[in-house]
Amino acid sequence: PYDVLIVGGGPAGAAAAVYAARKGIRTGILAERFGGQVMDTVGIENFISVQETEGPKLVTQLEQHVKSYDVDIMNLQRAESLTPPAETGGYAEVRTASGAVLKAKSVILSTGARWRELNVPGEQEYRGKGVAYCPHCDGPLFKGKRVAVVGGGNSGVEAAIDLAGIVGHVTLIEFGAELRADAVLQRKLASLPNVVILKNAQTMTVLGDGNKVNGLVYKNRETGDDIRLDLEGIFVQIGLLPNTDWLKGTLDLSKMGEIEIDARGQTSAAGVFAAGDCTTVPYKQIIIAMGEGAKASLGAFDYLIRSSAP
Ligand code: FAD
């Protein structure tokens, strides 16, 4: 059995593993795919102290750092259920898809999230070549250019306001008849001179020249017409889905499905902690996920000290 079992091998899980191992306690990390979303990231320019890196390169460094400690890495394993410790000092159980049952005195959940995709032709082909999901990450790549933001909820409208200050022109594309963002955000957006808002518009196709995006086609849902927009970037902002389906009914989740945590990363179950994109922590970023992983690990260590018999 482990003192700390970490479920999820992205930046949050890797940071949690290093912090736990440095306390000299038995640490395991279970991951469906070590590296998580960072594996899918092309350029990273906002991981402070590293001016520029690439996702897979950062993942190799994360793995090397974890492996330099005595940590059991169980890669390509998916957790399917969690039973929290029945009492303080008891064991939690994590069952994997392969049928294994892992026991641990504390668990740190860091299963991350995934962006909801448009599922239209061209989206996959031009992912990272004009199709982007994170304005904080990729906004500066489109300085002075024309972009679309797909999605008129809070995240889409916030992204459009943010991008309008960097790029040349923003077209916000909303599928429904009205934007769903807070009124204050909608007012701010409407006041910006380089933003056009399209409602009742369904994104149909991402267009490109073979190397990068050069436009998109949307359907005007009132007239049925297909209309082409020429642009260089498309930010998809139609939702971030936390990987927490398997925890429903076990832990308190927000209405978005994020694991509710307190300031120490403690979930609604004693002995179970969580960190990173799968939690209610605002702003989903690598540097934030790492800090949260470190915090949850220290939270778990504190729990272990207090729960073990003298
Ligand atoms: P994740 O990275 O999502 O890792 C989750 C881990 O949990 C993975 O190992 C996964 O396999 C595992 N997992 C999930 N479910 C299970 C399960 N049931 N059982 C076992 N394991 C499971 N952020 C930046 O700061 N800068 C950027 O430039 C940047 N660019 C990005 C570009 C793209 C294309 C994407 C998708 C994201 C980008 N981000 C960027 C966001 C950043 O990648 C995330 O905020 C960060 O990876 C979150 O870390 P995490 O550890 O919480 O989760």
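Along each chain, residue indices are assigned from 1 in the same order as the chain's sequence is written. In keeping with the model being predicted, local features are shown solely for residues with a pLDDT of at least 70 and side-chain atom pairs are shown and tallied solely at 80 or more, while totals for entire chains, interfaces and linings include all residues. Remark: hydrogens and water are excluded; side-chain values derive from all non-hydrogen atoms of the structure.

The protein chain has the name Alkyl hydroperoxide reductase subunit F in an unreviewed UniProt entry, where Fluviibacter phosphoraccumulans is given as its organism. The annotation that UniProt attaches to the protein chain under Sequence similarities (unreviewed entry) is "Belongs to the class-II pyridine nucleotide-disulfide oxidoreductase family." UniProt positions are given in the numbering used here, feature names are shortened, and annotations may be inferred rather than shown by experiment. Quoted straight from UniProt, the Subunit (unreviewed entry) entry for the protein chain says "Homodimer."

## Side note on the site of the ligand
With respect to spatial proximity, 34 residues lie near the ligand, and among them Arg 33, Gln 37, Asn 46, Ala 79 and Ile 286 are the closest. Here a polar contact is recorded for every N or O atom pair within 3.5 Å, except that within protein the pair must consist of a potential hydrogen donor and a potential acceptor, and residues adjacent in sequence are included only if both atoms are side-chain atoms. In this structure, Gly 9 approaches the ligand through a main-chain N or O atom, which is 2.9 Å from an oxygen atom. One of the backbone N or O atoms of Ser 110 is found 3.4 Å from an oxygen atom in the ligand. Protein coverage of the free-state accessible area of the ligand, which is 1,000 Å², stands at 95%. Looking at the shell around the ligand, the elements with two or more residues in it are helix H1 (11–21), strand S3 (43–44), strand S9 (113–115) and helix H6 (286–307). For this classification, the nonpolar set comprises Ala, Val, Leu, Ile, Met, Phe, Trp, Tyr, Cys and Pro, the charged set comprises Asp, Glu, Lys and Arg, and every other residue, Gly included, is treated as polar. Within the shell around the ligand, the residues separate by chemical class into 13 nonpolar, 15 polar and six charged. Near residues are defined by distance, with any heavy atom within 4 Å of the molecule or strand qualifying the residue. Using a 1.4 Å probe, the Shrake-Rupley method yields the accessible areas, and only the shown protein chains count as cover for residues. Only DSSP runs of H or I reaching four residues or more are called helices, and only runs of E reaching two or more are called strands; each is numbered from the N terminus.

## Considerations on the nonpolar core
Formed by 31 residues in total, the largest nonpolar core has its most connected members in Val 4, Ile 6, Phe 34, Val 66, Ile 108 and Ile 286. Secondary structure elements with two or more residues in this core: strand S1 (2–7), H1, helix H2 (55–67) and H6. Of all the elements, H1 adds the most residues to this core, at eight residues. Buried residues of nine kinds, namely Ala, Val, Leu, Ile, Met, Phe, Trp, Tyr and Cys, make up a nonpolar core once their side-chain atoms join them within 4.5 Å. Exposure is judged per residue with a 1.4 Å probe applied to protein chains only, and the accessible area is read against the type maximum: over 50% gives exposed, under 20% gives buried, and values in between give partly exposed. Counting 22 residues, the second largest nonpolar core, distinct from the first, contains Val 94, Leu 109, Val 272 and Cys 278.

## Quick look at the state of the cysteines
To count as a disulfide, a pair of cysteine sulfur atoms needs to be within 2.5 Å. Under the defined criterion, the tally for this structure stands at one disulfide. Residue pairing for Cys 134: its cysteine sulfur links by disulfide to Cys 137, the two sulfurs lying 2.2 Å apart. Around the S-S axis, the bridge from Cys 134 to Cys 137 shows a dihedral of about 65° and counts as right-handed. On the accessibility criterion, Cys 134 (8% relative accessible area) is buried. On the accessibility criterion, Cys 137 (32% relative accessible area) is partly exposed. Counting only cysteine sulfurs, Cys 134 is the nearest neighbor of Cys 278, a cysteine outside any disulfide, at a range of 17 Å. The buried category is assigned to Cys 278, whose relative accessible area is 0%.

## Points about the layout of surface pockets
Its boundaries defined by the atoms lining it, the second largest pocket holds a volume of some 1,100 Å³. Looking at the second largest pocket, it is lined by 37 residues, and the ones nearest its centre are Ser 155, Gly 239, Leu 240, Met 256 and Glu 258. Those elements that provide at least two residues to the lining of the second largest pocket are S9, helix H3 (135–138), helix H4 (154–164) and strand S18 (240–242). Top element by residues in the lining of the second largest pocket is H4. It accounts for five residues. For the lining of the second largest pocket, the residue count by class is 15 nonpolar, eleven polar and eleven charged. Think of a 1 Å grid over the protein atoms and nothing else: a 1.4 Å probe that fits but is trapped marks a cavity, an open set flanked by protein within 12 Å on at least five of seven lines marks a pocket, and residues with an atom within 4 Å of a point count as lining. Grid points are joined across faces, edges and corners, and a volume is the space filled by probe spheres set on the points.

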